[in-house]
Amino acid sequence: MEQVTAAEWSVLECLWEEAPRTGRAAVEYLEASVGWSRSTTLTMLRRMTEKGLIACQVQDGVNRYTPLVSREAVSHSQTRSFLDRVYHGSIGMMLSAFTKKEALTRAQIDELYEILKEAKPHD
């Protein structure tokens with residue numbers, strides 16, 4: 001999956017929250033959440049439609065937008081890209097760097113143990 005920009009993520013958040021969403025509703029949402037103008041939002045919607053991230057259907061003369069990518073797929077792609085770019089693909093290196101700067105609660109440690117117990121080896 002192609003990388004999603006921070007601006008594209010904002011649009012996807014809008015559509016993941018409620019879809020389909022009209023162009024007018026997206027303009028209102030993104031103006032309130034990130035301060036975008038109407039023209040900025042409409043430009044982003046057009047570009048993301050061309051890029052294949054969202055779909056636009058015209059219904060009774062109103063554009064309705066729907067995400068074509070799931071939050072899970074985009075999150076995984078973004079996380080993989082970050083991990084590869086910053087930590088050379090090493091989850092251990094990332095966790096080590098994080099835990100040296102941030103104290104984990106017992107609940108967070110327990111959650112990590114559960115995640116690791118459920119993980120399938122990639123041998």
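Residues numbered from 1 in each chain as written. Predicted model: local features only at pLDDT ≥ 70, side-chain atom pairs only at ≥ 80, totals over all residues. Heavy atoms only, no water.

**A word on the nonpolar core**
In terms of nonpolar packing, the biggest core is built from 17 residues, with Val 11, Leu 12, Met 48 and Ile 54 touching the most fellow members. Counting only elements with at least two residues in this core, the list comes to helix H1 (6-17), helix H2 (23-34) and helix H3 (38-51). When residues in this core are grouped by element, the largest group, five residues, is from H1. Ignoring sequence-local partners within four residues, the contact set of Met 48 consists of Glu 8, Val 11, Leu 12, Leu 53 and Ile 54. (Core = buried A, V, L, I, M, F, W, Y, C linked by side-chain atoms within 4.5 Å. Buried < 20%, exposed > 50% of the residue type's maximum accessible area, 1.4 Å probe, protein only. Helix = DSSP H or I, 4+ residues; strand = E, 2+ residues; numbered from the N terminus. Contact = heavy atoms within 4.5 Å.)

**Here's the deal with the sheet that holds strand E1 (residues 21-22)**
Overall, antiparallel pairing links the three strands, which are arranged E1-E3-E2 in an open sheet. Only two strands of the sheet have a single neighbouring strand rather than two, namely E1 and strand E2 (54-59). As paired strands, E2 and strand E3 (residues 62-67) are joined by six bridges and run antiparallel to one another. Bridging from a neighbouring strand, Cys 56 pairs with Tyr 65 of E3. (Pairing = 2+ DSSP bridges.)

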